[in-house]
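Residue-level listing of the chains:
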Amino acid sequence: MSGEGAAASGPAPRVALAHGPRGFVRDGEPGAALGALAAAAMRADRLDPLITEVVRLRCAQVHDCRHCASLRLQDAAEAGFDEPMAAAVLRYEDSDLGPAAGAALRLADAITLTPGRVDDDLRGELAAHFTDEQIAEICLDVVKWSRQKVLVALRLEEPLPDGPTALSFDADGAPLIT
Amino acid sequence: MEASSGSFSEDGDDPLARLAELHPGGVAALRRAGIVARGCTDAALLDLCLDHCDALLAGGDPPRAPRDERERAFVEFAEQFATSVATVSDAQIDALREHMDDIDVYRFVEALYALELTRRVELVAPTVLPRATRGAL
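So, how was this worked out
Residues numbered from 1 in each chain as written. Chains lettered and ligands numbered in written order. Predicted model: local features only at pLDDT ≥ 70, side-chain atom pairs only at ≥ 80, totals over all residues. Pairing = 2+ DSSP bridges. Helix = DSSP H or I, 4+ residues; strand = E, 2+ residues; numbered from the N terminus. Axes fitted to C-alpha atoms, helices over the stretch in contact; angles between N-to-C directions. pLDDT = per-residue confidence, 0-100. Contact = placed C-beta atoms within 7 Å. Buried ≥ 20, exposed ≤ 12 C-beta atoms within 10 Å, placed from the backbone. Nonpolar A, V, L, I, M, F, W, Y, C, P; charged D, E, K, R; others polar.

1. Some details on the sheet that holds strand β1 (residues 71-73) of chain A
Residues and elements named next belong to chain A.
- Pairing is mixed in the open sheet, where three strands are placed in the order β1-β2-β3. The open sheet terminates on both sides in strands that have one partner only, identified here as β1 and β3 (175-177). Adjacent strand axes in the sheet meet at a mean angle of 35° when their direction is disregarded.
- When β1 meets strand β2 (residues 165-169), the two strands line up parallel, connected through three bridges. Residue pairing for β2: Arg-72 is matched across the bridge by Ala-166.

2. With respect to the confidence of the model for chain B
All names here are of chain B.
- Residue-level pLDDT values for chain B average 89, and 87% of them are 70 or greater.
- Per-element averaging of pLDDT across chain B places helix α2 (residues 24-39) at the bottom with 92 and helix α4 (residues 69-83) at the top with 98.
- Across residues 1-11, confidence stays below pLDDT 50; counting only partners more than four residues off in sequence or on other chains, it has 18 contacts.
- Model confidence for the complex: the whole-complex pTM is 0.88, and ipTM, which rates the interface, is 0.88.

3. Remarks on the environment of B:Leu16
Residues and elements named next belong to chain B.
- Here Leu-16 is to be found in the segment before α1 (17-22).
- Exposure remark for Leu-16: the 25 C-beta atoms within 10 Å place this residue in the buried category.
- Sequence separation of Leu-16 and Arg-31 is 15 residues, and the distance between their C-alpha atoms is 10.0 Å.
- If sequence neighbours within four positions are ignored, Leu-16 has contacts with Val-27, Val-121, Glu-122 and Ala-125.

4. Considering the interface of chain B and chain A
- Counting residues at the interface gives 45 residues for chain B and 46 residues for chain A.
- Sorting the residues of the side of chain B that touches chain A by element identifies α1, α2, α3 (43-58), α5 (90-97) and α6 (102-128) of chain B as the ones contributing at least two each.
- Looking at the side of chain B that touches chain A element by element, the count peaks at 18 residues for α6(B).
- Looking at side-chain class alone, the side of chain B that touches chain A contains 32 nonpolar, seven polar and six charged residues.

5. Comments concerning the pairing of β2(A)
- Here β2(A) pairs with β3(A) via three bridges, running antiparallel. Residue A:Ser168 lies in a different strand from β3(A), and its bridge partner there is A:Leu176.

6. Details of unusual backbone geometry
Residues and elements named next belong to chain A.
- Unusually for a residue other than glycine, Asp-64 sits at a positive phi of about 55°.
- With respect to the helices and strands, Asp-64 occurs in the loop between α2 (49-63) and α3 (66-70).
- Owing to 16 C-beta atoms within 10 Å, Asp-64 belongs among the partly exposed residues under this scheme.
- Positioned with a positive phi, Arg-155 is a non-glycine residue whose angle comes to about 55°.
- Tracing the chain through its elements places Arg-155 in the loop between α9 (148-154) and β2.
- Classification of Arg-155 by C-beta neighbours within 10 Å gives partly exposed; the count is 18.

As structure tokens, then:
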């Protein structure tokens, strides 16, 4: 079984798509609407890029997307995000990432792991560090960064790059991997 | 619970209302994705799967059990997708491919993602973004 967008190494794709997932990014397909969602989330730009990056990496960890975990947001790198910080996301409760990052990561975990058990304590913790606009942005970022669930389930992840690779977005919110 | 609609809770309140005030473009795109996704797959089967996902995410029992092998395959996959996507197995995907071609399996999974994530945000957003709260601290 093969197809564009399939991993060159690692588990084989579980479905054969002639043009890969990108073949579904067109009007009338969910991919186009989901692309619009991703672009809207990326254009929000109210969050510190360091917060955006820890949330993105946490989603990659929860969903076990090795490709996403290998990427690094360019904005975050320019703002000082480094590999020790990336490693700390995995054990963030015991890390020195700081209370704002901790609150954002607990919100990411609430959405991705325990949505039925969210409580008012999390609201208070988030409100201490973020505006409501920023909390909204984190929520939609988690949705965006969870799209990898489709690729992980079907083993359609992109091939792993040789090392950390920069991820940025153009003015329309479309991803650029360099 | 109307998990499949992905928009409104039992009491008629829209759980995404405050989120939509704060991020109208994002929520509009999310809702649009859900509508398009439902139109691209077997909506009745998707609804059954979302009911089972909702029981896992929010508690309670799904309205009904799967009635045949096709429904069983998709519900089992959906529950795994909601619980731990990393541990979805080859056999679970092969079971879907017994009943749909690969393109439609992809569309189904993409639809499940769009609506399952919407449901997750619907469960969390009313607590972390209560409607009575305004602005930043």
